[in-house]
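# Results of the structural survey
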Amino acid sequence: MEREGSLVPAVTPTCNPSNNPLPHPHCPLHLSSLSTALSVVLNPSTSIVTVHSTVESLLLSLPRLSTNPLSLSLALSVLSQSVSPHPSLSQSIVSTIRSLINGHDRNSSAVLSALLSIARSSLNKDGFSTVDSVLDENLVLSLASSRVYRVRSRILNLLVFIVGRWKCSSNNLTDEVMVRVLLGFIGDIYPVLRREAIDGLFEFLTVAGAGVDFCVAECCLDHAVGLMRDDDELVRSAAVRMVGLCGKILVEEKGVDKSEKMDTIFTQICCMARDMSVKVRIEAFEALGKLKLVSDSVLMQSLSKKILGAKNGGKSLVKLDKESKPSYACAAGAYVHGIEDEFYEVRKVACRSLGIHALLSIKFADDAINLLMDLMNDDVEGVRVEALDSLFHMAAHECLNVHEKHMHMFLGLLTDMSALVRHKARKTLRLMKLPKRGIFKSTVNELIANLERHPEEEEDIFFALFSLGKNHQRFSLSLAKDLAKQIEQTSKVDLALDKPSMAATLVVCIASPLSENEITPDTPVVLFSYAVALLGRISRALQGTVDRDFLLTFLLYHTNIKWKSQDLMAEVDSNGTNEEVMLSIIKLISKSIGNAWSLIKRSNGNDAERILRSCSKELEIISFDTSQSASTTVDFLSKYIQIVQLISEIWCKSDLRSSTTFQIRNHHVLLEKLDSSLRSILYSFTGWTKEVECHILELNLLSDAFTLSLAGTNSCNLKNLCAKISHLEAISCLSDFTKEVKRSIDKRSSGIVDLHGLFELFEFQELDVLKEMKSIKAELKVAGNDSENPLAFIPGLPIGIRFCITLHNTSSTDRLWLRMSVGGGPPQYMSLDVCNFEGSEKMRKCTSVIPFYESPNVFSFEIRVCVVIECSSEYYEIFKEREGGPKCDVTELSIESFVYFSSVKNR
């Protein structure tokens, strides 16, 4: 049965250890019993009844233990440790041990230690509030005036802890009492108590915040200034910290002119910037950074060791002594001393404080930059980083006025051994406003060199270059024009986009127009074309600044290729590699050709030609920076664009006044070019999809329709045309256009009745060119031969020429020929047997001596040589007779090369 009103169960104490670890209250208490009691209380397996019983027995033993300080201290320690696992016991424990404070001073010290331990170890506010509630004004004042050091120390420790939790306490002590007690300790003979008293006041003012009484802040300031001459360095350090806080609070005081007051406080702290203690100097510069509303004259004095003026500080805010009043001259060179301090910790804090005041005074900032630049050569990485942070914030607040004399030292940081310092330097460069074009150009060059040394930091360097170009539009435009001239004077083969100088300069040049969302007048458009190839690298560098899809849209728009942004978003993967980006751009180019078709149908040939030329130019540019798989697609699209251009020229120059006539100058030349281009694309690629094959065959039908309309059936092989239609029927690709062609052929008319209606039926099919398409091509070489090293020959006799031929993606059924011709004479064909080549279908090689029979009777000549493939299929029936040569038309698989010869007599 529990006793009414008791917090612990009514358990009859006994000396039997099986029921209670403690002996009867009147029995002797041994250290072993206290140890056992502590184990019982802290053991999580102990029942709550046993814990309560143990604690009650221990509380009943306290009066008897008061005569033995050691036993009492140990017992109080056990009780204080039991509160954390059992918060419900705090009330009974605190109220019981509180009664022991009135006894011997030494007992009071032990009790205060226990109360502090309870307050600190409480997992919730119960223990803290309970301890706070038992401290009344009379008790605190009595203990604070005790002659025993340990008592004063413990009550001060407890008060400081309570101040730190002031908002959570029951506020049993008023602010006036708390401040009065803490101020009383400031004059204690022990420095540790003086220091802790200042810390307590600092916590009090910090927790009170905006609600603090300004009179209290001024009172605290008076006492703190007095302690700045204390013999103990820790006391002086705490006093300086207090002065800085009070100055920060007093700035908020309304209705009072604070300029002179802030100047005085600033000057007083500057005096401590030359203290012998490192800790004091650190606190001094920390405090200086908290002060505002300091006059420019005082701030400027802190940057110069020379006394700038005789202005007196006037009346001091506080009295240091009867004869000493702070003069503004005391601030002389304070920051100079801090920047030159032998301890890097002081230099770091001085640098940070210097940067803060630079944001508040433009005049101060102009001179402060000289000191900050001196720190660029500091041996400690942390100091250099701190200086760069200060410069960055100055630049962000537009108060960083960089001079030419500073840039050499600043740019040297780009070669720093620390990656963090290099990053901070580039981060600051992004916000700088450079005064001269020469400085701008040298900065860009240094960043390019930085990219060459640290390619792994490309994204950060690109971001810095982009920001420089955006912030210096006039300079970047000049650089863009220089780069455009360089591109014009350089072979496109020699333009390596992976070269750091090229990539970096392109980023700078596109930044200005990109930031303005419109092209800057006179910006060379060619730069945007080259920047497309760097899309992936640039977009990753500008992530979070420029939207990736907008960047792609912008670059392609200004290369005269326009696409919708939703198409771009669907096609370009944000995490794609540069190869992947190339393929996406290629696919988008194929889409743009569809726009040209609609313009061609409306006879808007000029706009269509502009789009097609831009597409062709883009393919030419990116062909130097594509993978092998993408290269095949680029070749296909290039040939396809040529076909569309020819169709556009033929259609838009036709006589539109009559749908039955088709009159155009040089029509034979254009139709032959179109037919040749169609053969080339049909026999130079393999592995395309069904849709692509159907589209190419329909283009052939369209070409035949033009021929029929121009010259009738005599100029067009109807049998071949019908074969193409039959093949389209076989692969289920009979479109409305094909049906209409078939209907017109079935009429056996001399021409197409409605050419315009037929052309309207022709639809552009979006080419799925990203599939596994293969290019059928050949490479032809003659070793050791050029115009300056011709081969020897005897006029009129056959010549043996050693060729090295490489074939790609050819099959054993392909009929290949080597075509050789001199001047305007008929070509000589030599059959190439694929079986004589070594390798697989993917790549075959052969080195062979091939004769040329008809050497002219001249001193020197040259042969045009090319590998061609015979277009032998149902689409191109044999209709040409060539003795010893191909029976069908041929298309070239290799670039036409030249072999040079010189007569033996001419040597």
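For the structure, check the block above.
Attention here is on the structure that accompanies the text. Residue numbering note: each chain is counted from 1, following its sequence as written. Where totals are concerned, whole chains, interfaces and linings use all residues; where local detail is concerned, this predicted model gives features only for residues with pLDDT of at least 70, and gives and counts side-chain atom pairs only at 80 or more. Just so you know, side-chain values use all the structure's heavy atoms and leave hydrogens and water out.

## What to know about the overall build of the protein chain
Looking only at helices and strands, one finds 37 helices and twelve strands in the protein chain. Looking at the 907 residues of the protein chain, the share that counts as buried comes to 51%. For the protein chain, restricting intrachain contacts to residue pairs at least 6 apart in sequence, the fraction spanning at least 24 positions comes to 72%. Computed by Shrake-Rupley with a 1.4 Å probe, the accessible areas treat only the displayed protein chains as cover when residues are assessed. As presented, the protein chain carries roughly 41,900 Å² of accessible surface, and 50% of it is formed by carbon and sulfur atoms. Secondary structure elements are defined from DSSP: runs of H or I of at least 4 residues count as helices, runs of E of at least 2 residues count as strands, and each element is numbered from the N terminus. The buried label applies to any residue whose accessible area, calculated with a 1.4 Å probe on protein chains only, is under 20% of its type's maximum; exposed applies above 50%, and partly exposed to all values in between. Any pair of residues with heavy atoms lying within 4.5 Å of one another is described as a contacting pair.

## Re the packing of aromatic side chains
Note on ring pairs: Phe, Tyr and Trp rings are taken, using the six-membered ring of Trp, and paired if centres are within 6.5 Å. Classes follow the plane angle, with under 30 degrees stacked, over 60 edge-to-face and the rest tilted. Across all of its chains, the model carries eleven aromatic pairs by this definition. An angle of 40 degrees between the planes, with centres 5.6 Å apart, marks the rings of Phe440 and Phe475 as tilted. Here Phe440 is found in helix H22 (residues 437-453), whereas its partner Phe475 is found in helix H24 (residues 473-489), with 35 residues between them in sequence. Assigned by exposure class, Phe440 and Phe475 land together as buried. Grouped by ring-pair contacts, the aromatic residues Phe285, Tyr335 and Phe364 constitute a single cluster. Sitting over the face of the ring of Phe392, Lys427 holds its NZ or CZ atom 4.4 Å from the ring centroid. Cation placement over rings: the criterion is NZ of Lys or CZ of Arg within 6 Å of the ring centroid and within 35° of the ring normal.

## Concerning the state of the cysteines
In this description, a disulfide is simply a cysteine sulfur pair whose atoms lie within 2.5 Å. All chains considered together, the criterion is met by zero disulfides. Unpaired in this structure, Cys270 has its nearest cysteine sulfur neighbour in Cys271, at a distance of 7.2 Å. Under the relative-accessibility criterion, Cys270 is labelled buried at 0%. Here Cys888 stays unpaired: no disulfide links it, and the sulfur of Cys871, its closest cysteine neighbor, is 7.6 Å away.

## Thoughts on unusual backbone geometry
The phi angle of most residues is negative, glycine excepted, and most peptide bonds adopt the trans form. Phi at Leu293 takes a positive value of approximately 60 degrees, unusual for a residue other than glycine. The phi dihedral of Glu398 is positive, around 55 degrees, even though this residue is not glycine. Tracing the backbone shows Glu398 in the loop between helix H19 (381-396) and helix H20 (404-411).

## Some words on the sheet that holds strand S8 (residues 838-839)
Pairing within the open sheet is antiparallel, and its four strands lie in the order S3-S5-S9-S8. This sheet does not close on itself; its edge strands, each paired only once, are strand S3 (777-781) and S8. When DSSP locates at least two bridges between a pair of strands, those strands are taken to pair.

## Some points on the pairing of S3
Side-chain alternation along S3 places Ala778 and Leu780 on a buried face and Lys777, Glu779 and Lys781 on a face that remains uncovered. Pairing between S3 and strand S5 (residues 799-808): five bridges, direction antiparallel. For Lys777, the partnering residue across the bridge sits in S5 and is His808.

## With respect to the side chain of Ser390
As for its placement among the helices and strands, Ser390 is situated in helix H19. Ser390 sits in the buried class, given a relative accessible area of 6%. Beyond its immediate chain neighbours, meaning those up to four positions away, Ser390 contacts Cys351, Arg352, Gly355 and Leu372.

## Here's the deal with the nonpolar core
Judged by nonpolar contacts, the single largest core of 267 residues is most densely connected at Ile97, Leu391, Phe410, Trp597 and Phe803. A per-element tally of this core places helix H32 (residues 628-652) first, with twelve residues. Ignoring anything within four residues of it in the chain, the contact list for Ile97 reads Leu62, Leu76, Leu79, Val111, Ala114, Leu115 and Ile118. Among buried residues, those of type Ala, Val, Leu, Ile, Met, Phe, Trp, Tyr and Cys that are joined through side-chain atoms within 4.5 Å constitute a nonpolar core. Tyr829, Cys866, Val868 and Val890 belong to the second-largest nonpolar core, a separate cluster that totals five residues.

## Side note on H19
Here the expected span of a helix is defined as 1.5 Å times the quantity of residues minus one. With 16 residues, H19 should reach 22 Å at 1.5 Å per residue; the first-to-last C-alpha distance of 22 Å fits that figure. Burial of H19 is extensive: twelve of the 16 residues sit out of reach of the surface. Among all positions of H19, only Val383, Arg384, Val385, Glu386, Ala387, Leu388, Asp389, Ser390, Leu391, Phe392, Met394 and Ala395 are buried. Along its buried surface, H19 packs onto helix H17 (344-360), helix H18 (362-374), H20 and helix H21 (419-429). Of the residues one or two after H19, Glu398 is the one with positive phi, at around 55 degrees.

## Focus on the pairing of strand S7 (residues 828-832)
Here strand S6 (residues 816-821) pairs with S7 via five bridges, running antiparallel. Counterpart to Leu818 in the pairing with S7 is Met830. Hairpin connection of S6 to S7: six residues between the antiparallel strands, including Gly823 at a positive phi of 60 degrees.

## Side note on the pattern of salt bridges
Salt bridge, as used here, is a side-chain nitrogen of Lys or Arg placed within 4 Å of a carboxyl oxygen of Asp or Glu. Counting across every chain of the model gives 26 salt bridges. Residues Asp199 and Arg241 are paired through a salt bridge, measuring 2.9 Å at the closest nitrogen-oxygen approach. Taken together, the residues span a long stretch of sequence, with Asp199 in helix H10 (residues 191-208) and Arg241 in helix H12 (residues 233-250) at a distance of 42 residues. Classification of Asp199 by relative accessible area gives partly exposed; the value is 23%. Here Arg426 makes a salt bridge to Glu457, at a shortest N to O gap of 2.8 Å. Placement of the pair is Arg426 in helix H21 and Glu457 in the loop between H22 and helix H23 (458-471), with a sequence separation of 31 residues. Accessibility assignment for this pair places Arg426 and Glu457 in one class, buried. Among the charged side chains, a salt-bridge network with shared partners connects Arg422, Arg426, Arg430, Glu457 and Asp460.

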